[in-house]
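Letter by letter, the chains look like this.
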Amino acid sequence: MSRIALITGISGQDGAYLSHLLLAKGYEVHGLCPRRGSDTLWRLRELGVHDHVRMIDGDVTDLSSLVRALERSRATEVYNLAAQSFVGISWNQPVLTGQVTGLGAVNVLEAVRMVNPQARIYQASSSEMFGRIQAERQDERTPFYPRSPYGAAKLYAHWMTVNYRESHGLHASSGLLFNHESPLRGIEFVTRKITDAVARIRLGHQRELRLGNLDARRDWGFAGDYVDAMWRMLQQPQPDDYVVATGRTVSVREFCALAFGQVGLRYEDHVVVDPAFLRPAEVDVLLGNPEKAHRVLGWQADTSLEALVAMMVERDLERLAG
Ligand code: NAP
Ligand code: G4F
């Protein structure tokens, strides 16, 4: 039987890695593409898959375009990765964030219910929903306390996914993914902002790096590992929710030390704290417990933080040198 996937947010970091994974498994891969005019397909090109995915015009805020995309693709697996995913900007664009990240997910669920209720759905939930953490290590039973418009929008989408599963019997799973990074990470996120700056400073293109809260701690993994967990969730006989994390937490400051250390520099000589990058409310620390994903899905994070940092710095050096 042919396996067909529809990915929303296909041009993002995870969309690119997931396309690569599914194509390697023999899937026919379709992507919902908002076609914004600028070059949004660079990540798919970097992984060499842009000629192998089939793009369908559409936007998750437009239910009719999702219905058409499901009809045209005949997808049996739907991965909803589309979002306004940058926490920092969500305070300035709370309505848009709610429409895309929150209601957009409901449009996906509703379109599947209307067109093919047998299709399996992955919803990209987030550790940001834990916000002001209610347990030292967060797992599937930890209460949520979102601290940003983005976190609140993701929580709405998460509960609607659970609701469609329980009300309509959809095979809808929610992945509570902790931060995951890669050389394809958007430049606005702190890890890539750091590795890009490290490369520029090493090559003499810039002298300092301005950051916000250096004490925030995150459980950072590699995106290439995490998309495999998404796929595994949809291969289960029953839909469910899973925490996907490494089980190690590290501060932004420690990440800086690792990244600058890669090229023989000290972060203390270059990093400047700039209040402009502080947030109205911070998520101080995240630390996931991926025990259930390991036990049920057979998944674990294979890439160490050190290997991830090395990979990102190396790729940024190559890009700038090129
Ligand atoms: P990303 O790089 O920001 O990608 C987001 C994607 O959504 C882009 O392809 C973007 O297209 C698309 N998009 C935005 N608005 C849209 C709309 N109205 N209709 C259709 N597509 C739209 O994010 P990511 O890091 O790959 O993350 C994938 C998903 O996982 C997101 O939902 C994110 O919130 C969630 N998540 C990420 C992490 C993480 O650490 N990376 C952790 C937990 C959860 P354009 O490029 O054209 O704007
Ligand atoms: O890299 P960040 O912007 O990621 P954040 O806010 O944790 O969100 C990411 O992970 C979530 C999962 O928990 C995803 F759902 C979400 O879509 C996104 O992928 O910031 C990480 C930390 C924050 O505490 C922030 O305050 O780094 C701190 N930080 C310090 N200086 C900075 C900066 N963040 C950014 N973006 N830029 C800075 O200059």
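Because the structure is predicted, anything quoted here is derived from the model rather than measured. (Residues numbered from 1 in each chain as written. Chains lettered and ligands numbered in written order. Predicted model: local features only at pLDDT ≥ 70, side-chain atom pairs only at ≥ 80, totals over all residues. Heavy atoms only, no water.)

Thoughts on the site of ligand 1
- In the neighbourhood of ligand 1, 25 residues make up the surrounding shell, with S11, D59, S85, Y150 and K154 lying closest.
- Separating an oxygen atom of ligand 1 from a backbone N or O atom of G12 is a distance of 3.0 Å.
- A distance of 2.9 Å separates an oxygen atom of ligand 1 from a polar atom in the backbone of H180.
- The fraction of the free accessible surface of ligand 1 (890 Å²) that becomes covered by protein chains is 89%.
- Those elements giving two or more residues to the shell around ligand 1 turn out to be α1 (13–24), β5 (120–126) and α5 (149–168).
- If you tally residues by element for the shell around ligand 1, the top one is β5, at 3 residues.
- Class assignment of the residues belonging to the shell around ligand 1 gives a composition of 10 nonpolar, 10 polar and 5 charged. (Near = heavy atom within 4 Å. Polar contact = N/O pair within 3.5 Å; in protein donor to acceptor, adjacent residues only side chain to side chain. Areas by Shrake-Rupley, 256 points an atom, 1.4 Å probe, with all protein chains shown as cover. Helix = DSSP H or I, 4+ residues; strand = E, 2+ residues; numbered from the N terminus. Nonpolar A, V, L, I, M, F, W, Y, C, P; charged D, E, K, R; others polar.)

Considerations on unusual backbone geometry
- Phi at R74 is positive, roughly 60 degrees, even though this residue is not glycine.
- Tracing the chain through its elements places R74 in the loop between α3 (63–73) and β4 (77–80).

Examining the pairing of β5
- The buried fraction of β5 amounts to 6 of the 7 residues, a majority that puts the element mostly inside the structure.
- Both β4 and β5 contribute to a ladder of 4 bridges, which runs parallel. The residue of β5 that forms the bridge with V78 is I121.
- Bridge count between β5 and strand β6 (residues 171–177): 7 bridges; the pairing is parallel. (Buried < 20%, exposed > 50% of the residue type's maximum accessible area, 1.4 Å probe, protein only. Pairing = 2+ DSSP bridges.)

Things to note about the site of ligand 2
- Close contacts around ligand 2 come from 23 residues, with S126, S127, Y150, R279 and E282 the closest.
- One of the side-chain nitrogen or oxygen atoms of R185 is found 2.8 Å away from an oxygen atom of ligand 2.
- Interatomic distance of 2.6 Å between a side-chain N/O atom of R279 and an oxygen atom of ligand 2.
- With the chains in place, 96% of the 710 Å² that ligand 2 exposes on its own is no longer accessible.
- Considering only residue class, the shell around ligand 2 consists of 10 nonpolar, 6 polar and 7 charged.

What to know about the pattern of salt bridges
- Overall, the coordinates contain 22 salt bridges when judged by the stated rule.
- Residue D139 pairs with R141 through a salt bridge whose shortest N-O separation is 3.5 Å.
- With relative accessibility at 14%, the residue D139 sits in the buried group.
- Between R210 and E208 there is a salt bridge, with the nearest N and O atoms lying 2.5 Å from each other.
- One salt-bridge network, in which partners are shared between bridges, spans E46, R192, R315, D316, E318 and R319. (Salt bridge = Lys/Arg side-chain N within 4 Å of Asp/Glu carboxyl O.)

A closer look at the layout of surface pockets
- In this model, the second largest pocket occupies a volume close to 170 Å³.
- In terms of lining residues, the second largest pocket is bounded by 13 residues, among which A245, T246, R248, A301 and T303 are the most central.
- Tallied by class, residues from the lining of the second largest pocket come to 7 nonpolar, 4 polar and 2 charged. (1 Å grid on protein atoms, 1.4 Å probe; cavity = no way out; pocket = protein on both sides within 12 Å on 5 of 7 lines; lining within 4 Å. Points joined across faces, edges and corners; volume = space filled by probe spheres on them.)

Some points on the domain arrangement of the protein
- Domains assigned within the protein are domain 1 (4–180 + 220–244) and domain 2 (186–218 + 248–286 + 304–321).
- Each of domain 1 and domain 2 was reduced to a C-alpha centroid, and the two centroids are 27 Å apart.
- With 20 residues of domain 1 at the interface, the matching set in domain 2 holds 23 residues.
- Here domain 1 is connected to domain 2 by 2 salt bridges.
- We note a salt bridge from E46 to R319, for which the minimum N-O separation is 3.1 Å.
- Summed over the shared surface of domain 1 and domain 2, the result is 4 residue pairs in polar contact (both at pLDDT 80 or more). (Domains from an automatic or database assignment. Contact = heavy atoms within 4.5 Å.)

A few points about helix α8 (residues 252–262)
- Among the residues of α8, those classed as buried are V252, F255, C256, A259 and F260. Projection of α8 onto a plane perpendicular to its axis shows the buried side chains occupying an angular sector of 125 degrees, all on one side.
- At its buried positions, α8 is contacted by α6 (190–202), β8 (209–211), β12 (250–251), β13 (271–273) and α10 (305–321).
- One or two residues past the end of α8 sits G264, with phi positive at roughly 75 degrees. (Arc of directions from axis to C-beta.)

Let's talk about the side chain of H158
- Inspection of the secondary structure puts H158 in helix α5.
- Those residues in contact with H158 that sit more than four places away from it in its chain are S125, M129, F144, S174, L176 and D241.

Some details on the sheet that holds strand β3 (residues 54–57)
- Reading across the sheet, the 7 strands line up as β3-β2-β1-β4-β5-β6-β11 and stay open at both edges, with parallel pairing between neighbours. Single-partner strands in this sheet number two, and they are β3 and β11 (241–244). Across the sheet, the mean angle from the axis of one strand to that of its neighbour is 20 degrees, orientation sign disregarded.
- Where strand β2 (residues 28–33) and β3 come together, 4 bridges link them in parallel fashion. Looking at the pairing, C33 lines up with D57 of β3.
- Of the strands in this sheet, β1 (4–8), β2 and β4 are in contact with α1, which crosses β1 at around 175 degrees. (Axes fitted to C-alpha atoms, helices over the stretch in contact; angles between N-to-C directions.)

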